[in-house]
Every structure is written in structure tokens, then in C-alpha cells.
Amino acid sequence: TLPTVKEAVKGYLADAEARGLAPATIQKLEHIFKKQLLAFSEQHRIIFLRDVNVRNMTEWRSTWADKPLARKKKFERVVGFFWFCVRHGWLKDNPTATMGRVIAKHVPTDYFTADEYKRIIGATYRLGEDTERSWAPEKRGIRIRALTELMRWSGLRIRDAVTLECSRLDGNKLLLYQAKTGIPVFVPLPPHVADLLRSIPPGLKPNPNYFF
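Residues numbered from 1 in each chain as written. Predicted model: local features only at pLDDT ≥ 70, side-chain atom pairs only at ≥ 80, totals over all residues. Heavy atoms only, no water.

**Notes on the packing of helix α2 (residues 23-43) against helix α3 (residues 54-62)**
Two measures define how a pair of helices packs: the angle their axes make with one another and the distance between the axes.
And step 1. Orientation of α2 relative to α3, taken along the N-to-C sense of each, is 115°, at an axis distance of 11 Å. Classified by the interaxial angle, the pair formed by α2 and α3 is roughly perpendicular. As α2 runs across α3, the sense of the crossing is right-handed. Contact residues: α2 offers I32, Q36, L37 and F40, while α3 offers N56, M57, E59 and W60.
And step 2. In the contact of α2 with α3, the residues fall into 5 nonpolar, 2 polar and 1 charged. (Axes fitted to C-alpha atoms, helices over the stretch in contact; angles between N-to-C directions. Helix = DSSP H or I, 4+ residues; strand = E, 2+ residues; numbered from the N terminus. Parallel < 35°, antiparallel > 145°, perpendicular 65-115°, else oblique. Left-handed = near helix turned anticlockwise from the far one by under 90°. Contact = heavy atoms within 4.5 Å. Nonpolar A, V, L, I, M, F, W, Y, C, P; charged D, E, K, R; others polar.)

Have a look at this one:
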């Protein structure tokens, strides 16, 4: 029997998990297909996968509010989903194959100058100004300063920085893993940054295993 759109999405997400994709990637796929595609299908009474066509996929894409680069990557994932369906014999043709590509010009993220970074760090000392009800503004300032310094000297993204385990810090060295190979590497940190991490005050819901 031909699957419904919901069944196809379920099968695709199960395969993504079986392939060992990163949790963050799985979350993005669930948001695109389980939340957005299924919502669009239900709204337009598209029950079976065979009823998906170029016209309704073009209409669905026109509703995306993502920025150009995010829209481009989302469309690539949608194309991949339908090729998955074709390979499994659920569809004869990929309904997105004849749709035009999403064009997105990549603008490299610029860096902060030394003066700008100095002002960013300086601002963390003033987080308590004009704040009456904020939770422990002096502690908040130290925590944000530590997070900023950690990202500056380790190269970690904010998602990875806020979930960094305390056990990764060994002296003034931070144990990380290369994204592509998974090989462990030690990243040296300036002594003042390592000391700052070791002296971070606890947050509202402290966990002794994590810095933040």
C-alpha cells in the first residue's frame, strides 16, 4: 500500500536516527517534516504521499519565513526527503526535482576588533546597573564574562559552550573533539580564562557537572 505523508515522514526520521545523525540535525529534520510539512499537508488535505506534487510543494516553500541561507538548506533537506521516498518505491518521481534552486549569497561572519571585544567584556561588569529585580547581577556578569571568554579562546559555538562539562578542563587546557574525525585535541586557554571557568558562581539551577 502507498504510504501517507505522515508514514513517510515517520520512516524518514527513523532512518535518520538509525544513520546516527547528530541530535541537532534530527531536531531540524523533525521541525521541517514532522511539524511544518505535516501541518501544511493537513491544512491542504494532502493525505497520501502520491498526492504531493510540484504545485503544492512550491506553495509550501512560498510560506517559509526563513532567511535565504536557512531557506536554501531547508529546501535541500526537502529534496533529500523525497529522493528517500523515491528510493523506497513510495514515489515514482521526486516532486521537487523540477523546482528552481534557492539562491542564497553567503556573507562571512565578521570578527570583533580588539577595541570592540574590550567593550564587550567591559559591559559584563555593568550588568547590574539600573537593575532592581534581576537575579544576582554580579553573578550574572561573571557567568556571561566567562562564557564570552570561553567562546573567544576555544572557538566553541554558544550551544557547545553552555553545555561544556567541567571535566573537559585540565589545568589550562580544554579537551575537545574534532567535528569531522572525532579525534580528541587539547586547546590551550589563557590562565585567566581557565581560572575564570573554575571560579564561576552557580546559576539558578546549578549542575556540578557543567560550567553553565
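**Concerning the sheet that holds strand β3 (residues 184-188)**
And step 1. Across the sheet, 3 strands lie side by side as β1-β2-β3; this open sheet has antiparallel pairing. One side of each edge strand has no neighbouring strand; the edge strands of this open sheet are β1 (169-170) and β3.
And step 2. In this sheet, strand β2 (residues 173-177) lies alongside β1 in antiparallel orientation, the contact comprising 2 bridges. Counted as the bridge partner of D170 is K173 from β2. (Pairing = 2+ DSSP bridges.)

**Some points on the nonpolar core**
And step 1. Core analysis: the biggest nonpolar cluster contains 30 residues, and V9, F33, L37, M57, W60, F81 and F82 have the highest contact counts within it.
And step 2. Put simply, the parts of the chain that give this core at least two residues each are α1 (5-18), α2, α3 and α4 (68-87).
And step 3. Considering every element that reaches this core, the biggest residue donor is α4, with 8 residues.
And step 4. Those residues in contact with F33, other than ones at most four positions away along the chain, are V9, Y12, L38, R77, V78 and F81.
And step 5. Core analysis: the second largest hydrophobic core is formed by 17 residues, A161, V193, L196 and F211 among them. (Core = buried A, V, L, I, M, F, W, Y, C linked by side-chain atoms within 4.5 Å. Buried < 20%, exposed > 50% of the residue type's maximum accessible area, 1.4 Å probe, protein only.)

**Structural notes on the packing of aromatic side chains**
And step 1. Considering all chains together, one arrives at 8 aromatic pairs under this definition.
And step 2. Their ring planes at 70° and their centres at 5.2 Å tell us that Y12 and F33 sit as a pair that is edge-to-face. Here Y12, found in helix α1, pairs with F33, found in helix α2; they are 21 residues apart in sequence, far enough to count as distant. Of the two residues, Y12 and F33, neither departs from the other in class, the shared state being buried.
And step 3. Cluster of aromatic residues (ring-pair linked, three or more members): Y12, F33, F81, F82, F84 and W90.
And step 4. Taking the ring centre of F48 as reference, the NZ or CZ of R50 above it sits at 5.0 Å.
And step 5. Here K74 stacks its cationic end above the ring of W64, 4.8 Å away from the centre of that ring. (Phe/Tyr/Trp six-rings, centres within 6.5 Å; stacked < 30°, edge-to-face > 60°. Lys NZ or Arg CZ within 6 Å of the ring centre and 35° of its normal.)

By themselves, these observations are geometric and do not establish any function.
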